[in-house]
Amino acid sequence: MLITSNEKEVSNPAYADWMMAEQAIIPLNASLTEEAFSVTVGMNSTREIWLALENAFCNSPVERVQNLHDNLCLIQRGEKSVSDYGRSFKAICDQLSAIGHPVDLMDQLPWFFVWAWYDIQEIFYEYLFGQTYS
């Protein structure tokens, strides 16, 4: 991008900086969680992405902690594999920890095993008896 300076056309140094920032969209999107990425789909500039993320996730700390605790209590395995369920569960716990409200391991265990218990039963049953649990 050229600008006119002293009646000469010269490269705009701000344009090069802007282009470098805009090229950060791909790695920025690649680094987002699934939840965060869903907020930024279709955005064309890093500024749009950052503003959307700010609006989505920078609510009051008390409200954010409450939302994450609710998500932790309401998480269900559904059709997810045990490992995907575990990653989702861990992501919520990590977010709580990142904002200064870590979940004690002894509190995590009951929440996690409520939904993983049926799969664990199947795994042990197959291991012990060599057949599918029904």
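Please refer to the structure placed before this passage.
Below: a short report on this structure. Residues take numbers from 1 onward in each chain, read along the sequence in its written order. Only residues with pLDDT of at least 70 are given local features in this predicted model, and only at 80 or more are side-chain atom pairs given and counted; all residues enter the totals for whole chains, interfaces and linings. The side-chain quantities take in all heavy atoms of the structure and omit both hydrogens and water.

### A few points about the packing of aromatic side chains
Phase 1 of the analysis: Side-chain rings of Phe, Tyr and Trp, where Trp is taken by its six-membered ring, are said to pair if the distance between their centres is within 6.5 Å; with planes under 30 degrees apart they count as stacked, over 60 as edge-to-face, and otherwise as tilted. Per the counting criterion, the structure on display carries one aromatic pair.
Phase 2 of the analysis: Each ring, one from Tyr85 and one from Phe89, has its centre 6.4 Å from the other, and the planes form 35 degrees; the classification is tilted. Taken as a pair, Tyr85 and Phe89 lie in helix 6 (residues 82–98) at a separation of four residues, close to a single helical turn. Of the two residues examined, Tyr85 and Phe89, each falls in the buried class. Each helix is a run of H or I in the DSSP string that is no shorter than four residues. Each strand is a run of E no shorter than two, and both are numbered from the N terminus. The cut-offs for exposure are 20% and 50% of the maximum accessible area for each residue type, with area from a 1.4 Å probe on protein chains only; residues under the lower value are buried, those over the upper are exposed, and the others partly exposed.

### Focus on a nonpolar patch on the surface
Phase 1 of the analysis: Patch definition: residues above 30% relative accessible area lacking any salt bridge, with like charges linked at up to 9 Å and the nonpolar side chains Val, Leu, Ile, Met, Phe, Trp and Tyr linked at up to 5 Å. A 1.4 Å probe and the Shrake-Rupley method give the accessible areas. Residues count as covered only by the protein chains that appear here. Any carboxyl oxygen of Asp or Glu within 4 Å of a side-chain nitrogen of Lys or Arg constitutes a salt bridge here. On the surface, a cluster of nonpolar side chains totalling about 390 Å² of accessible area is made up of Leu105, Met106, Leu109 and Phe113.
Phase 2 of the analysis: Turning to its location among the elements, Leu105 is positioned in helix 7 (residues 105–129).

### Notes on helix 5 (residues 61–74)
An α-helical turn contains 3.6 residues, so a residue and the one three or four places further along point in the same direction.
Phase 1 of the analysis: Look at helix 5: 20 Å from first C-alpha to last across 14 residues, which is about the 20 Å you get at 1.5 Å a residue.
Phase 2 of the analysis: Listed as buried for helix 5 are Arg64, Val65, Leu68 and Leu72. Along helix 5, the residues classed as buried sweep out an arc of 100 degrees about the axis, all on the same side. Projecting away from the buried face of helix 5 at angles above 90 degrees are the exposed residues Val62 and Leu74. Helix span, as expected, comes to 1.5 Å for every residue beyond the first. Picture the helix axis, draw a direction to every C-beta atom, and the arc is the one those directions span.

### With respect to the side chain of Ser45
Phase 1 of the analysis: Structurally, the position occupied by Ser45 is in the loop between helix 3 (34–40) and helix 4 (46–57).
Phase 2 of the analysis: With a relative accessible area of 18%, Ser45 lands in the buried category.
Phase 3 of the analysis: Here the side chain of Ser45 touches Glu48 through a polar contact of 3.0 Å, landing on its backbone nitrogen. Contacts described as polar in this section are N or O atom pairs within 3.5 Å, which, within protein, must combine one atom able to donate a hydrogen with one able to accept it, while residues neighboring in sequence count only if both atoms come from side chains.

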